[in-house]
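If you want the building blocks of each chain, they are given just below.
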Amino acid sequence: MSSAGNSGGQMGLLPEGLSDRLPPQAEASARLARDVIDCVSAHGYQRVMPPLAEFEETLTGRLKSARAQDLLRAVDPVSQRTLALRPDMTAQVGRIAATRLASAARPLRLCYSGPVLKLRANQLRPEREQLQVGAELIGSDSVVAATEIVSVAIEALQAAGVSGITVDFTLPDLIDELAADALPLGVDEIEAVRAELDSKDAGGLAELGSAAAAYLPLIEATGPFHAAMERLEAIDAGGVLASRIAALRAIAKPIGWDITLTLDPTERHSFAYQSWFGFSIFAEGFIGEIGRGGSYTIIHPDGREEPATGFSLYPDPLIDAGFGRTDERRIFLPLHADAERAKALRADGWRTVAALSAGDDGAALGCSHWLDGDTPRAY
Ligand SMILES: N[C@@H](Cc1c[nH]c[nH+]1)C(=O)O
């Protein structure tokens, strides 16, 4: 969120990582979220508004393989149960899809926008509260579903004025799949191999022994999409890899030439519930990802599993950089200005700022114009 919020004299007024959005960024934030939601809605995604907090177990138990999370928790004096503030709305949408909308027709397209909260900030993003805007396609994790989600995510960012977009494809469950058969690893070895792959440490990986060293070529299969895909193809790991390679190529195919595509097959996302397909979105000039997405599995109350695919954008850095702002025309209305004329100006897109007393100063109140009789005049 805005650095303006916690800077200077405000230091210490709010807990670390939480800040106010002030004008004009608060409005820019709302406008940008609206632009993204409008774009997603135009593709048939209907809005849901889950609550800010819910029982901890419903936040963590609905998505398969969700990692135990650092959550901001409180004991609810009403139910005597532990509540948690949401760190992510995808799990909430999963709960809605598995319960109240369990019998709605599939595929079910839902979208959302709202704040999410992390217990701890990281260096890249010092803010603990972030705006999250996203869409979930429930009932499918097919190539067609993934293609739709990736293209809607890109279109939504473009609708918000973002250019220079890079999409980085990942294969979240690849290590588990390979370890189970083609490149076998013991259960206790998997985490060590993952850690070395996370840090792209070829030396460390080789030191783990010959079974782990079989994963070395995956480190090389990283970078610009087509070259990295060729290196991935050269790895002989049977059907697991072949089907994923074909799927990634199919998803990549319709993506516009103006989008940079990269591959990082072993990259892990923070929430770690993605199944076969994942992606991160970056924009030129911004450090860190501004969106993530992928396929995942929702667990219904009866144990049934349902595939889904979705994305979430985190637009705060865009707002800090001035996206979402418009040139607003503010006009000062002196005392006793004509109310009908003022109404007509508002209908024409002006923002009117009415004097409450003779001493009010329109220019100091941010107006570029004042109403002189019937005529707007520049200060
Ligand atoms: N909510 C996920 C992204 C996602 C949405 N749907 C599926 N994955 C995240 O923020 O990392």
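None of these values were measured; they are calculated from a predicted model. (Residues numbered from 1 in each chain as written. Predicted model: local features only at pLDDT ≥ 70, side-chain atom pairs only at ≥ 80, totals over all residues. Heavy atoms only, no water.)

Chemist: So what about helix α11 (residues 225-233)? Which residues, and what values?
Modeler: Buried residues of α11: F225, A228, M229 and L232, and no others. An end-on view of α11 places all buried positions within 105° of arc, on one side of the element. In this structure, α11 carries H226 and E230 as exposed residues pointing more than 90 degrees from its buried face. Among the structural elements, β7 (165-170), α10 (216-220), β8 (223-224), α12 (239-252) and β9 (260-263) are those in contact with the buried residues of α11. (Buried < 20%, exposed > 50% of the residue type's maximum accessible area, 1.4 Å probe, protein only. Helix = DSSP H or I, 4+ residues; strand = E, 2+ residues; numbered from the N terminus. Arc of directions from axis to C-beta. Contact = heavy atoms within 4.5 Å.)

Chemist: Explain the site of the ligand to me, and be specific about the residues and the numbers.
Modeler: In the vicinity of the ligand, 15 residues are found, and the nearest of them are D88, T90, Q274, R292 and Y314. Contact distances for the ligand include 3.4 Å between a nitrogen atom and a backbone N or O atom of G310. Taking Y314, its side chain carries an N or O atom lying 2.5 Å from an oxygen atom of the ligand. Contact with the protein chains removes 100% of the 300 Å² of surface that the ligand exposes when unbound. Listed by contribution, the elements that provide at least two residues to the shell around the ligand are β6 (129-138), β11 (291-299) and β12 (305-313). With 4 residues, the top contributor of residues to the shell around the ligand is β11. Looking at side-chain class alone, the shell around the ligand contains 5 nonpolar, 7 polar and 3 charged residues. (Near = heavy atom within 4 Å. Polar contact = N/O pair within 3.5 Å; in protein donor to acceptor, adjacent residues only side chain to side chain. Areas by Shrake-Rupley, 256 points an atom, 1.4 Å probe, with all protein chains shown as cover. Nonpolar A, V, L, I, M, F, W, Y, C, P; charged D, E, K, R; others polar.)

Chemist: Which residues make up the pattern of salt bridges, and what values do they have?
Modeler: Counted according to the given criterion, the structure contains 22 salt bridges. E191 is paired through a salt bridge with R268; the nearest N and O atoms lie 3.5 Å apart. Remark: R268 occurs in the loop between β9 and β10 (278-283) and E191 occurs in helix α7 (residues 187-198); sequence separation between them is 77 residues. Its relative accessible area of 46% is what places E191 among the partly exposed residues. R292 serves as the salt-bridge partner of E289, at 2.7 Å between the closest nitrogen and oxygen. Relative accessible area serves as the criterion here: at 15%, R292 is assigned to the buried category. Look at the salt bridges and you will find they share partners, linking E27, R31, E328, R330 and R351 into a network. (Salt bridge = Lys/Arg side-chain N within 4 Å of Asp/Glu carboxyl O.)

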